Amino acid sequence: MDITSEWASFGGRLSVHDHDSDTLGCRMRFAVYTPPAATSGAPCPVLWYLSGLTCSWANVMEKSGLQRYAAERGIVVVAPDTSPRGDDVADDEAYDLGQGAGFYLTATKSPWSTHYRMDAYLTEELTTLIGQHFPVDLSRQGITGHSMGGHGALTMHLKHPERYRSVSAFSPIASPSDVPWGQKAFAAYLGDDKAHWAQYDACHLVARQPSSAEILIDTGTADSFLEEQLLPQRFIDACHDAGQPINYRMQPGYDHSYWFVASFIGEHIAHHANVLKD
């Protein structure tokens, strides 16, 4: 694991790292914010932030201002990439498929199945790497994300509620089987059998296996993707039907951008800190 960049920030340190991933079969990059509480080596809770389509670690670390809040709360924040990358990795000319658009799943269809195993990479390989090299308490993990990353955060929490004890999302694609982004990605990565799609669809997962954690979600009323790609009411209804605790907040006037994420990232970190403090 190599450090490519490193900066002091709010008494802690933001670092960017490269490593060779056996799971994905390519070189991967991720970023970690380590708060000042960890400078003595004391293990801290860890919050995973999953970014959206076309994004990387840089979007959230450079635009959200999360470092101030993570420093105050004593939380390590890990921002992985959104897909495998490299000259030998399958790609597509469109922004919503291929590199930058991994959808946090394990692909089963060629040519994607060779490298696209983002959920296994995060839950196994990268978690192990973080545990080996950073002062984290892996018994206290939370997960959050934006858009496609919100989809990933919800599905990974619902599949692993004992691992990701806290969960939140910004403008998540929470019903991907029913919207163009998800339908395109699922058909390419998983094939046409929609029974296989359900394992990566938060609406289907919460109906089968709700968790005891309260899900915090923020979505802007001025989000241009609201009616076509996000469909928040479908997930709200699925949670209510399943008895899943949820606090879904529609924020007046906000869009899909990082101006929106930055406006509420402090409240999301507080949400996770309150769950992970013990």
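Keep in mind it's a predicted model, so treat the numbers as computed, not measured.

## A look at the side chain of Ser 21
Relative to the helices and strands, Ser 21 resides in strand E2 (residues 12-21). Not counting chain neighbours up to four residues away, the residues in contact with Ser 21 comprise Cys 26, Met 28, Tyr 121 and Glu 125.

## Things to note about helix H4 (residues 148-159)
For H4, with 12 residues, the first-to-last C-alpha span of 17 Å sits near the 16 Å given by 1.5 Å per residue. Burial analysis of H4 places 11 of its 12 residues in the buried class, which makes it a mostly covered element.

## Considerations on unusual backbone geometry
A cis amide bond links Ser 110 with the next residue in sequence, Pro 111, at an omega value of 0°. One non-glycine residue, Phe 10, lies in the positive phi region at around 50°. Topologically, Phe 10 is positioned in the loop between strand E1 (2-9) and E2. The class of Phe 10 is partly exposed, set by a relative accessible area of 45%. Located in the positive-phi region is Leu 231, a residue other than glycine, with phi close to 45°. Among the secondary structure elements, Leu 231 is positioned in the loop between helix H8 (226-230) and helix H9 (232-242). What makes Leu 231 buried here is its relative accessible area of 15%.

## What about the pairing of E1?
Pairing between E1 and E2: 7 bridges, direction antiparallel. Counterpart to Glu 6 in the pairing with E2 is Ser 15.

## Here we look at the environment of Gln 233
Along the chain, Gln 233 falls in helix H9. Along the backbone, Gln 233 and Tyr 248 are 15 residues apart, and their C-alpha atoms lie at a distance of 9.3 Å.

Procedures and definitions
- Residues numbered from 1 in each chain as written.
- Predicted model: local features only at pLDDT ≥ 70, side-chain atom pairs only at ≥ 80, totals over all residues.
- Heavy atoms only, no water.
- Helix = DSSP H or I, 4+ residues; strand = E, 2+ residues; numbered from the N terminus.
- Contact = heavy atoms within 4.5 Å.
- Expected span 1.5 Å × (residues − 1).
- Buried < 20%, exposed > 50% of the residue type's maximum accessible area, 1.4 Å probe, protein only.
- Pairing = 2+ DSSP bridges.

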